[in-house]
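A closer look at the structure
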Amino acid sequence: MECAELGARGSSVSWTLDKDADALTIRFSLPDSSDGKGTKQTVGILSDGVKVADVELDSYWAWQYTVKANVGEKYPDNTPADNKFARMRFDEANLLLPKTLKAGSMLTIVKENDAADAVTIDFVEAEMAQHYTKTDYSGDVVVYEGDGSTLQNFVNQNAGKTIYIPAGTYTIPVWLEIRNENTHIVGAGMWHTILMFSADPDNNRTYMRRGVRCSVNKVSIENLTLNTLCNKRYFENKSSQQMGKGLSGSWGTNSVIRNVRADHFECGAWIADYDGNSTRGLLVEGCRFRNNYADGINLCSGTQSVTVRNCSFRNNGDDDMASWSTGNEARNNTFENCTAENNWRASSLGIFGGRNHKALNIAIYDGMECGARITADFDGTGFSTQDEILFKGITIRRCGARSGGPCGTQGDFWGNANPSLSISAGYFYDLNNIRLEDILIVESRYDGVRLQSSSGKKINNITMRNITVRDQHNDGWPFNFKQGLQGNGKGVNLRAENCGEYEFSPIPSGFDFTITDNDDSGIVLPDAVGQLT
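Residues numbered from 1 in each chain as written. Predicted model: local features only at pLDDT ≥ 70, side-chain atom pairs only at ≥ 80, totals over all residues. Heavy atoms only, no water.

For the rest of this paragraph, the subject is the pairing of strand E30 (residues 358-365). Across the 8 residues that make up E30, a large majority, 6, are buried. Bridge count for strand E28 (residues 334-341) against E30 is 7 bridges, and the pairing is parallel. Across the sheet, residue Phe335 finds its bridge partner in E30, namely Ala359. Relative to strand E32 (residues 389-397), E30 is paired through 7 bridges, and the arrangement is parallel. Bridge pairing in E32 links Lys358 to Leu390. (Buried < 20%, exposed > 50% of the residue type's maximum accessible area, 1.4 Å probe, protein only. Helix = DSSP H or I, 4+ residues; strand = E, 2+ residues; numbered from the N terminus. Pairing = 2+ DSSP bridges.)

The structure is reproduced here in structure tokens:
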């Protein structure tokens with residue numbers, strides 16, 4: 001994968017648009033400053049050589065670092081130092097254009113200054129920005145007319161109503177809470193209505209005061225963007241001092257989060273029943289969780305029957321999509337038709353305990369560590385012996401990590417090698433009833449699929465069916481059954497294409513596993529793409 005570096009005045013990069021567009025997402029990188037506050041440059045946007053707009057690029061949110069030393073806990077922060085290495089380097093600029101650029105026209109980004117630092121452009125997404133007015137919503141609709149500072153009071157005073165926030169950027173000084181059932185907060189569209197949470201991330205009294213909180217039933221938030229001044233995962237890099245999630249709480253029963261963009265939070269969304277009203281039937285749809293410093297979305301304690309579909313995840317600093325069964329058991333959660341790109345820590349898809357979870361039609365690209373994982377790495381309820389965990393229709397491209405070399409140049413945060421797909425029992429509990437089906441892994445940097453267990457724990461009853469590992473790099477195995485692995489299962493139609501001489505590592509004696517061919521079943525090679533709305 002390549003990007004364009006704009007060094008001198010007048011240097012540019014261009015694309016021909018295949019569809020009409022009036023909105024751009026520009027993934028870019030600029031150098032950091034010595035104090036970790038970033039640098040800025042303005043670039044021009046041209047259509048067929050004619051200036052359309054300027055956009056300011058700011059690396060304030062882009063850079064994260066962690067220590068090179070192999071210590072137990074390693075979390076990223078935004079402070080550069082000689083004893084650290086950089087991991088997150090990119091951010092995105094979202095620009096609503098003053099006119100529609102037509103399909104077939106030439107879109108150009110040009111550097112128009114003499115700054116010594118180059119502007120790095122990774123890619124651009126061009127689309128038509130959806131717009132909603134008050135009349136697009138039904139029910140008792142009221143319009144908010146303030147600047148953001150009074151939004152909490154307005155929400156409280158209009159309990160049970162639909163609160164329409166018109167186009168504009170609203171400065172929100174603290175977190176926003178939805179406290180009453182049947183309340184709906186809606187905007188003019190994620191390109192038009194922006195809630196900017198302005199709490200100082202460097203003040204020990206305000207660092208966590210951001211995002212939208214809710215633990216009541218039958219509420220919704222739709223068609224807007226959540227952004228924040230937060231530029232790190234933890235205050236003073238202490239894991240007990242969390243910087244605030246974009247969306248948090250349980251969201252009760254039958255709530256909806258739709259067409260919401262969440263950028264620059266500690267986590268995009270952390271859904272859990274810590275307030276005593278468990279999550280039931282939450283729908284998360286058409287959202288974009290990007291450039292956050294930990295998880296994209298985590299369905300945690302007590303979440304049940306949550307569906308996350310048609311969502312986009314990019315450039316997040318922990319699992320993009322996760323379900324962690326800690327506290328009360330998480331069950332029946334589904335991720336479907338989603339894309340995940342450029343994850344820079346952990347994985348894009350992770351299941352850590354619970355029962356009857358599904359990941360269906362997921363496309364994962366360019367993760368710096370694992371692409372997807374089902375593991376017992378985190379304490380919690382463990383995996384139930386009832387029902388199953390299903391991964392089906394998954395594509396993983398250019399993921400995994402080699403080991404070797406100084407920490408920060410190879411491997412994960414600790415320098416360890418990672419596979420594209422990791423299935424791991426222990427330290428905390430067994431893995432039970434895992435089904436992996438119709439999976440394509442392409443250009444893995446290390447093992448394609450790795451199964452392992454430790455601490456006397458087992459992988460019990462795993463089925464691997466229709467899995468192809470293609471064009472793997474020279475390191476690792478297409479299918480690696482690690483020494484010491486215990487448990488049982490079966491494999492059907494496991495294939496390695498253009499991966500060297502050997503497909504399978506030796507299978508340890510403690511793992512009762514049979515491999516058969518069944519060509520009549522018809523292997524499915526997915527290439528899922530989530531819907532962007």
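Pairing within the open sheet is antiparallel, and its 4 strands lie in the order E2-E9-E4-E5. Unpaired on one side and paired on the other, strand E2 (12-16) and strand E5 (50-58) mark the two borders of the sheet. Mean inter-strand twist for the sheet, computed between neighbouring axes without regard to direction, equals 20°. Pairing of strand E4 (residues 40-47) with strand E9 (residues 106-111) involves 5 bridges; the strand directions are antiparallel. Within the sheet, the bridge partner assigned to Gly44 lies in E9 and is Val110. (Axes fitted to C-alpha atoms, helices over the stretch in contact; angles between N-to-C directions.)

Tallying each qualifying case throughout the model produces 22 aromatic pairs. Plain terms: the ring middles of Phe85 and Phe413 are 6.0 Å apart, the flat faces sit at 75° to each other, and that makes the pair edge-to-face. With Phe85 in strand E7 (residues 84-86) and Phe413 in the loop between E32 and strand E33 (421-427), this residue pair connects regions lying 328 residues apart in the sequence. Each of the two residues, Phe85 as well as Phe413, counts as buried. (Phe/Tyr/Trp six-rings, centres within 6.5 Å; stacked < 30°, edge-to-face > 60°.)

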